[in-house]
Amino acid sequence: MSRGEHLLQEQHGTTKKASSFYENQMLNFLNNKMSEFISKQGMMFIATADSSGNCDSSFRAGSVGFVQVIDDKTLIYPEYKGNGVMASLGNIIENPHIGLMFIDFFEHYIGLHVNGKASIIENGQLASLKMTEKIINDIKEKEGNRPERWVIIKVDEAYIHCSKHIPKLKQKDKKIYWGTDDEKEKGGDFFKAKKSKKD
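Residues numbered from 1 in each chain as written. Predicted model: local features only at pLDDT ≥ 70, side-chain atom pairs only at ≥ 80, totals over all residues. Heavy atoms only, no water.

Draft legend 1. Main features of the overall build of the protein chain. What the protein chain contains, in helices and strands, is seven helices and seven strands. In terms of overall dimensions, the protein chain has a C-alpha envelope of 55 × 55 × 40 Å along the principal axes. The buried share among the 199 residues of the protein chain stands at 35%. Taking contacts inside the protein chain between residues at least 6 apart in sequence as the whole, the part at least 24 apart equals 71%. Carbon and sulfur atoms make up 53% of the accessible area of the protein chain, which totals about 13400 Å². Charged side chains in the protein chain number 29 positive and 27 negative. The centres of these two groups are separated by 5 Å. (Helix = DSSP H or I, 4+ residues; strand = E, 2+ residues; numbered from the N terminus. Buried < 20%, exposed > 50% of the residue type's maximum accessible area, 1.4 Å probe, protein only. Contact = heavy atoms within 4.5 Å. Areas by Shrake-Rupley, 256 points an atom, 1.4 Å probe, with all protein chains shown as cover. Lys, Arg positive; Asp, Glu negative; His and termini not counted. Charge placed at Lys NZ, Arg CZ, Asp CG, Glu CD.)

Draft legend 2. The sheet that holds strand β6 (residues 110–122), seen in detail. Across the sheet, seven strands lie side by side as β2-β1-β5-β6-β7-β4-β3; this open sheet has antiparallel pairing. Strands with a single pairing partner mark the edges of an open sheet, and in this sheet they are β2 (55–61) and β3 (68–71). The mean inter-strand angle of the sheet, taken between neighbouring strand axes irrespective of direction, is 35°. One ladder, built from six bridges, connects strand β4 (residues 74–79) with strand β7 (residues 149–161); its direction is antiparallel. Looking at β7, one finds that Glu-79 is bridged to Arg-149. Along the sheet, helix α3 (residues 32–39) makes contact with β3, β4, β5 (97–104), β6 and β7, crossing β6 at roughly 75°. Helix-sheet contacts for helix α5 (residues 133–143) involve β3, β4 and β7, and the interaxial angle to β3 is about 165°. (Pairing = 2+ DSSP bridges. Axes fitted to C-alpha atoms, helices over the stretch in contact; angles between N-to-C directions.)

Draft legend 3. Geometry of the pairing of strand β1 (residues 43–49). Counting buried positions over the seven residues of β1 gives five, a clear majority of the element. Connecting β1 to the antiparallel partner β2 that follows it, the hairpin turn spans five residues, and Gly-53 within it adopts a positive phi of roughly 90°. Both β1 and β5 contribute to a ladder of four bridges, which runs antiparallel. Its bridge partner being in β5, Thr-48 is matched across the sheet by Ile-98.

Draft legend 4. Spatial organisation of the side chain of Glu-157. Tracing the sequence through the fold places Glu-157 in strand β7. The charged side chain of Glu-157 is buried without a salt bridge, its nearest counter-charge being Lys-117 at 9.4 Å. (Salt bridge = Lys/Arg side-chain N within 4 Å of Asp/Glu carboxyl O.)

Draft legend 5. Just the packing of aromatic side chains, in detail. All chains considered together, the criterion is met by four aromatic pairs. Judged by centre distance (6.0 Å) and plane angle (85°), the rings of Phe-21 and Tyr-159 are edge-to-face. Highlighted residues: Phe-21 in helix α2 (residues 15–25) and Tyr-159 in strand β7, separated in sequence by 138 residues. Its relative accessible area of 29% is what places Phe-21 among the partly exposed residues. Look at Tyr-159 and you get buried, because its relative accessible area is 16%. Both rings, one in Phe-45 and one in Phe-59, keep their centres 5.4 Å apart while their planes meet at 55°; by these two values the pair is tilted. Linking Phe-45 in strand β1 with Phe-59 in strand β2, this pair joins segments that are 14 residues apart in sequence. (Phe/Tyr/Trp six-rings, centres within 6.5 Å; stacked < 30°, edge-to-face > 60°.)

Below is the structure:
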């Protein structure tokens, strides 16, 4: 909850409504329903910012349940081979605050916000986390050697994103080329940025 939120709530007369939301819908941990919801998701959106506040939003996807809930205050997700820029990870090094947005477009049409503080660990450090045997086996089975590293999030806030504007989508099969450097499979220069460069 930011100072700006409260300022605008006062200006627009929504303080009582917002207080009810904070009291009834916001948790500082993941309850069982939230953990179950996350375990059924195959994608999420993330938001990070550097030390100067310059923002970046990004998309992450994997096998269903690629984001693992370790306990009610901790979750992790894998970082796969990408374009080498590492914008999100670079921001996390400068500023640990992160926002995760899980949206179920296919069954319940509901979203879940998870805000917290992130840190990065390498594959070799994964064993140092206190994880159940079930989680360890699940990670081995789902991920194999695809992740290059992992992001750990310590949860500060978790709350609903209401369903009224979430569209219903139909999921179709698509072959995933994990870790490929093939320009065609990555989308190439779809937006013609290379040709649009100005001197």
